[in-house]
Amino acid sequence: MARPYVMPKLAMAMNEGTINEWFIKHGDKAEKNQPLASVETEKVSYDIESPDSGYFCILLQQGETTLCEEIIAYFCDSAEEVEQMAAGASAESAAPTVETVAASTAAVSGKVIDYVMPKLAMAMNEGTINEWLVKEGELVKKSAPLANIETEKVTYDVESPEEGYIYFIAQQGDTIPCETLIAKFCVSHSDVSALAAAASAPAAAQATVAPSNSAAKNPVTSATPAAASTAAATPVLAEGERIVASPLAKKMAKDAGLDLRLVAGTHPTGRIVKRDVVDALARGLQHAPMIGTGAQVGGIRELARIPMTGMRKVISERMMQSLQTTAQLSSAWESDITDLLAARRKFVAREEALGTKVSVNAFIIKAIAYAIKQVPIANSCQDGNDIVIYDNINMGIAISVPGTTQYDTGLMVAVLHNVERMGLVEIDIEMKALIKRVRNGEGTADDLSGSTITLSTTAGIAPPGLSTTPVLNLPNAGLVGPSTPIERPMVNNGEVVVRTMMPVSFTFDHRLLDGEPGSRFMSALHEALENPELMLA
Amino acid sequence: MRELTYIQAIREAIQLEMRTDDKVFMVGQDIRGGVYPHTKGLIDEFGPDRIVDTPIAETGMFGTAFGAALEGYRPIVDYMFGSCAFVNFNESSVMTGQQYFMHGAKSSLPMVMTCAVGLGKRIGNDHAMFIHSTFCRQPGIKVAMASTPYDAKGMFASAIRDNNPVMIPWHTGVMQKRGHVPEEQYYIPLGVADVKREGTDVTVLANSEQLYNVLDLAEELAKEGINIEVIDPRSFVPFDLDTVLKSIEKTNRLIIVDEDWESCGMASTISARVVEHGFDFLDAPIRRICLPNIPIPGGYMEDYTRPTKERIEATIREILQ
Amino acid sequence: MSLTTEQMTTLFTNLVRADHWGKTMYRRMMQGKLIGFYHPADGAIAPGVAAGTFLNQDDPMWPHHRGHGITHMLSKGIDIKYYLAEHTGKGTGCCGGNSGWHFSFPEDHVHLQTGFIGANFMACTGYAWAAKQNGRGQVVMNCSGDGSYGEGRSHEGMLMASIWKLPQIFMCENNGYSIFSPIEEMHPTEDIATVAQGLDIPAVVVDGQDVFAVAEVVLAAIDRARNGKGPSFIEAKCLRFKEHDIGNRDLRGWEPRQQEEYDEMYKRDPLVLATERVLNDGVLTQPEIDAIHVVAAQEVEDAEKFADDSPVARPSIEEMEAMVFAP
């Protein structure tokens with residue numbers, strides 16, 4: 001019985017791989033652990049070893065590229081089976097974990113290649129097709145822009161992995177789990193028509209979800225998704241004005257949850273007609289927040305109405321999840337950063353030479369790294385039933401981003417990887433570049449995932465001396481929350497002196513670490529903040 | 001393929017029914033000689049007892065049919081002109097429609113009423129007016145109009161075999177249209193509309209001479225990529241609403257061409273029913289193209305008071321905006 | 001043509017029955033036990049009896065609306081209980097309860113009833129044409145009042161009957177009134193029969209209070225019609241004892257009819273006259289007459305029980321919609 005071999009996901013961020021070279025010939029007998037192929041990912045090349053034994057049926061040729069999890073070969077029990085699989089592959093190209101729409105291939109003449117919702121990030125579970133960038137039945141070139149897909153975090157324009165006439169299974173607006181069939185590439189336009197004819201109903205999301213590989217078991221790090229939500233829409237109508245729309249347009253809008261006050265009618269009389277609704281839905285206006293509608297219920301006037309979709313929805317869910325599924329608690333203290341600020345001034349004076357104006361946050365990150373070295377368990381996450389204490393420190397940095405209107409905001413956690421290896425200046429430079437990327441929507445998957453501990457500061461925004469109880473960024477065990485420093489009279493060597501005190505909170509998950517290590521961590525952090533020279537360690 | 005004119009097709013339907021059922025007879029004024037071709041010469045085959053001329057006495061003429069129908073005959077009353085059916089309207093509409101129901105749904109009244117209607121000859125209101133909408137009002141009478149020779153023969157035959165009163169006028173403007181008509185007797189059921197041309201962009205309902213206008217227009221507009229779906233309702237009572245609804249589910253737009261006055265015509269009833277049952281399919285208001293509410297002028301004005309191809313085309317373009 | 005004893009007995013019996021029926025219907029209407037309205041035939045029952053008694057079952061008849069055709073129909077052999085049931089809105093009625101007060105007995109060739117005066121001329125033309133075509137000697141009895149001869153369609157009916165020599169008898173029951181309108185004001189000649197004569201239809205005028213006199217001329221007309229000699233016109237001058245319909249005043253023009261008129265009329269009660277006749281001629285004895293009354297009373301009583309015990313017809317709208325067209 002032939003066993004499929006898929007393109008392995010060799011890196012967290014790997015989407016597709018190219019066969020540089022097969023180390024085995026089609027039909028040869030492969031032995032377990034023997035070198036099988038040189039596979040190139042977006043970043044590196046690997047020599048992969050055979051996971052199995054058997055007569056090897058090669059489907060993906062040297063030089064060809066395919067998505068991870070796609071079948072690229074079979075381990076067969078006999079030479080005959082090799083040829084069977086080779087012949088059968090032209091009529092059916094499903095990944096083993098994905099069911100295709102069975103009837104649709106019957107009337108099709110040529111080979112059909114499945115296209116699944118790509119897993120664009122380690123943490124991605126599902127994606128929404130904001131827009132197909134090609135028309136159904138169109139001949140799509142390889143690498144041409146194929147679709148604008150929104151994940152829980154980012155929005156990508158994905159490129160076509162194939163060349164072929166495209167047949168849609170999922171439609172614009174559909175949200176599909178990763179690895180699930182969303183389109184097929186056909187060899188001819190008539191095959192697209194045949195598939196369309198065979199499908200008795202739009203076959204969006206009929207395929208079952210593939211159980212993902214180990215990549216999905218990695219901890220979901222970021223609590224916050226990326227921007228790409230629909231811009232706020234102001235109503236087209238003046239307050240109290242009647243909506244004029246055809247009955248069909250009204251029904252379509254109602255069924256889709258689209259508020260017709262946002263839609264401009266293109267009929268010469270100004271009436272909203274079907275094509276206007278179709279257009280508005282394609283632009284995602286049914287998700288748009290609205291401002292200034294003047295809507296009134298029971299004497300309460302609405303200033304704005306913001307649908308909790310996209311990033312807001314995920315924030316809402318993740319916050320609840322964090323608070324309800326952990327035993328988190330916050331402790332707060334104040335650290336004397338007078339000396340830290342003095343040290344910082346020396347760096348700031350050398351801004352040009354250093355290439356950056358070193359920030360207080362860079363110091364805080366360095367201090368956290370110091371404290372983690374003393375108390376490694378503070379740098380841990382829960383993974384299944386295990387506490388995983390990490391060796392490298394990937395600092396999650398909570399940043400506020402614009403919301404969909406002038407009233408609301410979004411929240412993202414940028415992740416600076418491997419801060420334990422970085423100097424203060426490097427931290428500052430990398431952090432600023434990271435935040436800039438994320439704010440511009442250019443954050444990569446790594447920029448937004450993989451944190452082991454998170455920094456969430458309200459310094460500069462909150463009132464001085466604010467003591468906070470920040471919410472854990474799952475699956476991190478700990479979160480450090482500094483806030484705005486305040487001048488206080490402190491006792492130093494028996495004398496009262498004015499010192500700059502920074503309030504710091506540490507939220508930790510008591511399921512993973514207890515008050516004793518938590519306190520030790522806080523003490524270590526406190527020590528580093530008050531004695532910045534320790535950060536040289 | 002054998003062709004007949006529309007009026008010849010009617011004649012053949014009557015002739016074949018009269019041959020197979022000796023209870024079928026025709027009564028009218030001057031039908032033995034045949035003012036119109038559909039009765040010409042039938043006297044030679046069937047004799048004066050079955051092709052019956054009466055004095056100019058609509059009640060007497062109609063009553064011959066009405067009473068005979070209750071006594072087991074299957075009469076066809078020929079009013080010659082549609083408006084004449086209004087002379088004894090109390091009998092042709094009220095008494096005819098109410099007969100079966102009011103008397104306990106026991107004995108039926110199998111009679112056919114026919115007459116010429118239609119504009120185009122500049123003969124004025126009394127000879128040209130359409131009567132179908134008015135006959136649709138009294139429940140108990142079926143009302144139909146055939147547009148093509150093929151439909152005419154099949155529908156007249158069905159009307160004669162129907163056990164109910166059927167008013168089936170014919171438009172003088174289509175009487176010379178030629179078309180394929182099979183030689184044998186065949187029956188087209190009443191109450192069934194016919195999609196005469198499939199399309200996607202707008203549904204246009206049209207009957208009799210207007211159907212030909214609309215079909216011509218469909219050919220021309222198709223060259224521009226405008227594809228209209230043309231439906232001939234064929235019957236007004238019973239009316240095949242399902243075919244129309246199915247069509248506008250696809251096209252989302254409806255135009256009704258009815259060569260009858262705008263006020264209280266069948267176009268209004270169809271329009272109301274479509275709104276009641278197909279509201280959510282409509283992307284534009286339903287448009288009726290009817291005669292203005294003016295007694296039909298006999299002069300040259302008749303030409304532009306009728307629905308014209310230009311008017312229909314303009315309406316199609318408007319509805320597609 | 002003189003009548004046999006048997007014919008006279010039958011006529012007398014039908015007259016008694018008509019009298020009982022008429023009084024019952026009047027009483028029921030006053031008691032609110034009838035639907036719609038009722039046009040009493042009191043005093044004018046003789047022509048109807050004469051018209052219906054000698055018809056065969058397949059002779060089509062249009063009964064005069066006065067007395068709601070009961071007189072004519074019972075004489076023709078129709079079971080009136082089904083008409084009473086209809087008149088009381090019952091599903092067992094001859095029209096299934098659909099009509100309110102109309103009758104239809106197709107097996108007896110009494111097809112319909114309408115409120116339109118003159119409709120009889122329309123339908124009977126067709127009945128008569130069909131009768132002629134059928135060629136088995138059927139005759140059509142067309143009964144209506146003096147007022148109906150104002151309708152243009154009366155002319156058309158007589159015209160067609162005359163030119164085609166149709167086997168139709170025009171029974172004009174001239175009681176001198178149509179609602180409040182005296183015939184003297186509504187017709188130019190003393191006798192309506194002159195119109196018929198003008199259309200070349202043999203016409204007679206007869207005493208409509210004398211059932212036997214009317215019967216004689218009816219028999220002659222039937223004979224003529226059955227033998228292909230065409231239509232006849234019989235003008236039976238009769239008397240309307242009561243108001244046009246119950247609930248309307250009994251006016252002449254716009255003033256109430258006077259007591260003198262009533263007194264004169266009542267002297268010529270058809271049943272009284274007929275009773276005298278059958279006794280005098282030795283056709284029936286008093287006990288026999290009494291027995292006829294008893295049977296008649298029972299007939300009416302049984303019919304009332306039938307009607308009153310039947311359930312009211314209340315078909316749903318869908319059920320009624322299904323009754324608009326025949327299958």
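Residues numbered from 1 in each chain as written. Chains lettered and ligands numbered in written order. Predicted model: local features only at pLDDT ≥ 70, side-chain atom pairs only at ≥ 80, totals over all residues. Heavy atoms only, no water.

Caption draft 1: Structural view of the overall build of chain A. Counting its regular elements, chain A contains ten helices and 29 strands. For chain A, the proportion of contacts with a sequence separation of at least 24, taken over those separated by at least 6, is 66%. Looking at chain A as shown, the accessible area adds up to about 25000 Å², and 52% of this sits on carbon and sulfur atoms. (Helix = DSSP H or I, 4+ residues; strand = E, 2+ residues; numbered from the N terminus. Contact = heavy atoms within 4.5 Å. Areas by Shrake-Rupley, 256 points an atom, 1.4 Å probe, with all protein chains shown as cover.)

Caption draft 2: Main features of the interface of chain B and chain C. Listed as interface residues are 43 residues of chain B and, on the opposing side, 39 residues of chain C. Between chain B and chain C, roughly 3300 Å² of surface is buried when both sides are summed, and carbon and sulfur atoms account for 67% of that area. Three residues, E71, F101 and H103 of chain B, lead the burial of chain B against chain C; their summed loss comes to 20% of the area buried on that side. Summed over the shared surface of chain B and chain C, the result is one salt bridge. A salt bridge links R153 of chain C to E91 of chain B; its shortest N-O distance comes to 2.3 Å. Inspection of the chain B/chain C interface yields 17 residue pairs in polar contact (both at pLDDT 80 or more). (Buried area = accessible area lost by both parts, 1.4 Å probe. Salt bridge = Lys/Arg side-chain N within 4 Å of Asp/Glu carboxyl O. Polar contact = N/O pair within 3.5 Å; in protein donor to acceptor, adjacent residues only side chain to side chain.)

Caption draft 3: Quick peek at the interface of chain B and chain A. Taken residue by residue, the interface counts eleven residues in chain B and eleven residues in chain A. In this assembly, chain B packs against chain A so that about 880 Å² is buried in total across both faces, 53% of it on carbon and sulfur atoms. When the buried surface of chain B facing chain A is broken down by residue, D280, D283 and Q321 of chain B rank first, second and third, together holding 61% of it. Linking chain B with chain A are zero salt bridges, by the criterion used here. Across the chain B-chain A interface, the total number found is five residue pairs in polar contact (both at pLDDT 80 or more). Per-class residue counts for the side of chain B that touches chain A are six nonpolar, two polar and three charged. (Nonpolar A, V, L, I, M, F, W, Y, C, P; charged D, E, K, R; others polar.)

Caption draft 4: Geometry of the side chain of T172 of chain B. Residues and elements named next belong to chain B. With respect to the helices and strands, the residue T172 is situated in the loop between β8 (170–171) and β9 (178–180). Taking the relative accessible area as the measure of exposure, T172 reaches 10% and is therefore buried. Sequence-distant contacts of T172, that is, excluding residues within four places in its chain, are made with Y36, A116, V117, G118 and K121. (Buried < 20%, exposed > 50% of the residue type's maximum accessible area, 1.4 Å probe, protein only.)

Caption draft 5: Quick look at the confidence of the model for chain A. Confidence along chain A averages 83 in pLDDT terms, with 86% of residues attaining 70 or more. Scored below 50 in pLDDT, residues 200–230 of chain A makes 90 contacts in the model with residues more than four places away or belonging to other chains. (pLDDT = per-residue confidence, 0-100.)

Caption draft 6: Quick look at the pairing of strand β12 (residues 228–232) of chain B. All names here are of chain B. Counting buried positions over the five residues of β12 gives five, a clear majority of the element. Every second residue of β12 is oriented toward a common face, with I228, V230 and D232 on one face and E229 and I231 on the other, all of them buried. Here four bridges tie strand β11 (residues 202–205) to β12, and the two strands are oriented parallel to one another. The residue bridging V204 from the neighbouring strand is V230, located in β12. Handedness of the crossover joining β11 and β12 through helix α8 (residues 209–222): right-handed. (Pairing = 2+ DSSP bridges. Right-handed = clockwise from strand over helix to strand, strands pointing away.)

Caption draft 7: Representation of the pattern of salt bridges. Under the definition given, this model contains 62 salt bridges over all chains. With a closest N to O distance of 3.8 Å, D79 of chain C and K81 of chain C form a salt bridge. Here D79 of chain C falls in the partly exposed class, since its relative accessible area comes to 40%. Through salt bridges that share partners, D151, D194, K196, D232 and R234 of chain B make up one connected network.

Caption draft 8: Structural view of the nonpolar core. Core analysis: the largest hydrophobic core is formed by 82 residues, its most contacted members being F66, V77 and V274 of chain B together with F233 of chain C. Sorting elements by how many residues they give to this core places helix α5 (residues 119–134) of chain C first, with ten residues. Residue contacts for V77 of chain B: discarding those within four places in its chain leaves V27, M61, F62, A65, M111, V112, M113 and T114 of chain B. Formed by 65 residues, the second largest nonpolar core is a distinct cluster that contains A41, V110, V211 and V283 of chain C. (Core = buried A, V, L, I, M, F, W, Y, C linked by side-chain atoms within 4.5 Å.)

Caption draft 9: View of the sheet that holds strand β13 (residues 155–159) of chain A. Residue and element names in this part refer to chain A. The strand order β13-β12-β10-β15 describes an open sheet built from four strands, whose pairing is antiparallel. The open sheet has two edge strands with one neighbour each: β13 and β15 (175–177). Sheet twist, expressed as the mean angle between neighbouring strand axes with direction ignored, is 40°. Pairing of strand β10 (residues 126–132) with β15 involves three bridges; the strand directions are antiparallel. Bridge pairing in β15 places T128 opposite T175. (Axes fitted to C-alpha atoms, helices over the stretch in contact; angles between N-to-C directions.)

Caption draft 10: Looking closely at helix α3 (residues 247–256) of chain A. All names here are of chain A. Within the span of α3, buried status applies to P247, L248, A249 and A253. Contact partners of the buried residues in α3: α4 (274–282). Looking one or two residues past α3, G257 carries a phi angle of roughly 70°, positive in sign.

Caption draft 11: The sheet that holds strand β14 (residues 164–168) of chain A, seen in detail. Spatial strand order, β9-β16-β14-β11 (chain A): four strands in an open sheet with antiparallel pairing. Of all the strands in the sheet, just β9 (113–116) and β11 (139–140) of chain A have a single pairing partner and so form its edges.

Caption draft 12: Structural detail: the pairing of strand β4 (residues 74–81) of chain B. Residue and element names in this part refer to chain B. With respect to burial, β4 is a largely interior element, eight of its eight residues being buried. Bridge count for strand β2 (residues 24–28) against β4 is five bridges, and the pairing is parallel. By the bridge assignment, G28 is partnered in β4 with D78. The sheet contact formed by β4 and strand β5 (residues 112–117) spans four bridges and is parallel. Bridge assignment links F81 to a residue of β5, and that residue is A116. Once you follow β4 into helix α4 (residues 89–102) and on to β5, the crossover reads as right-handed.

Caption draft 13: Looking closely at helix α5 (residues 310–325) of chain A. Residues and elements named next belong to chain A. With 16 residues, α5 should reach 22 Å at 1.5 Å per residue; the first-to-last C-alpha distance of 22 Å fits that figure. For α5, the full list of buried residues reads M311, V314, I315, R318 and S322. In a view along the axis of α5, the buried residues occupy a sector of 105°, so they form one face of it. Where α5 is buried, its residues meet β21 (328–336), β24 (395–402) and β25 (409–416). (Expected span 1.5 Å × (residues − 1). Arc of directions from axis to C-beta.)

Caption draft 14: Here's a closer look at the state of the cysteines. Taken as a whole and judged by the stated rule, the model has zero disulfides over all chains. Its sulfur unpaired, C84 of chain B is 8.3 Å from the next cysteine sulfur, which belongs to C115 of chain B. The structure places no disulfide on C143 of chain C, whose sulfur is separated from the nearest cysteine sulfur, that of C124 of chain C, by 8.2 Å. Residue C143 of chain C is classed as buried on the basis of its relative accessible area of 1%. (Disulfide = S-S within 2.5 Å.)

Caption draft 15: A look at the environment of G140 of chain B. With respect to the element layout, G140 of chain B can be found in the loop between α6 (132–137) and β6 (142–144). The exposure class assigned to G140 of chain B is buried, which follows from its relative accessible area of 3%. With sequence-adjacent residues up to four places away left out, G140 of chain B is seen in contact with G97 and P165 of chain B together with V324 and F325 of chain C.

Caption draft 16: Representation of the side chain of T507 of chain A within the structure. Position of T507 of chain A among the secondary structure elements: in strand β29 (residues 495–509). Setting aside its immediate chain neighbours within four residues, T507 of chain A contacts Q328, L329, S330, T469, P470, L472, A477, G478 and L479 of chain A.

Caption draft 17: Quick look at the confidence of the model for chain C. Of all residues in chain C, 100% attain a pLDDT of 70 or more, and the chain-wide mean is 95. Two summary scores accompany this predicted model of the complex, namely pTM at 0.66 and ipTM at 0.86.

Caption draft 18: Fine view of the packing of aromatic side chains. With the rule as written, the count across this model stands at 28 aromatic pairs over all chains. Taking the centre distance of 5.6 Å and the plane angle of 20° together, the rings of F506 of chain A and F508 of chain A count as stacked. The class for F506 of chain A is buried, based on a relative accessible area of 0%. Between Y82 of chain C and F306 of chain C, the aromatic rings sit 5.4 Å apart at their centres with planes inclined by 80°, giving edge-to-face as the arrangement. On the criterion of sequence distance, the pair formed by Y82 of chain C in helix α4 (residues 81–87) and F306 of chain C in helix α12 (residues 286–309) is long-range, its members being 224 residues apart. Assessed through its relative accessible area of 33%, Y82 of chain C is described here as partly exposed. Accessibility expressed as a relative area gives 23% for F306 of chain C, which makes it partly exposed. Here the aromatic cluster, defined as three or more aromatic residues joined through ring pairs, consists of Y5, W22, F56 and F75 of chain A. When the ring centre of Y73 of chain B is taken as reference, the NZ or CZ atom of K23 of chain B above it lies at 4.5 Å. (Phe/Tyr/Trp six-rings, centres within 6.5 Å; stacked < 30°, edge-to-face > 60°. Lys NZ or Arg CZ within 6 Å of the ring centre and 35° of its normal.)

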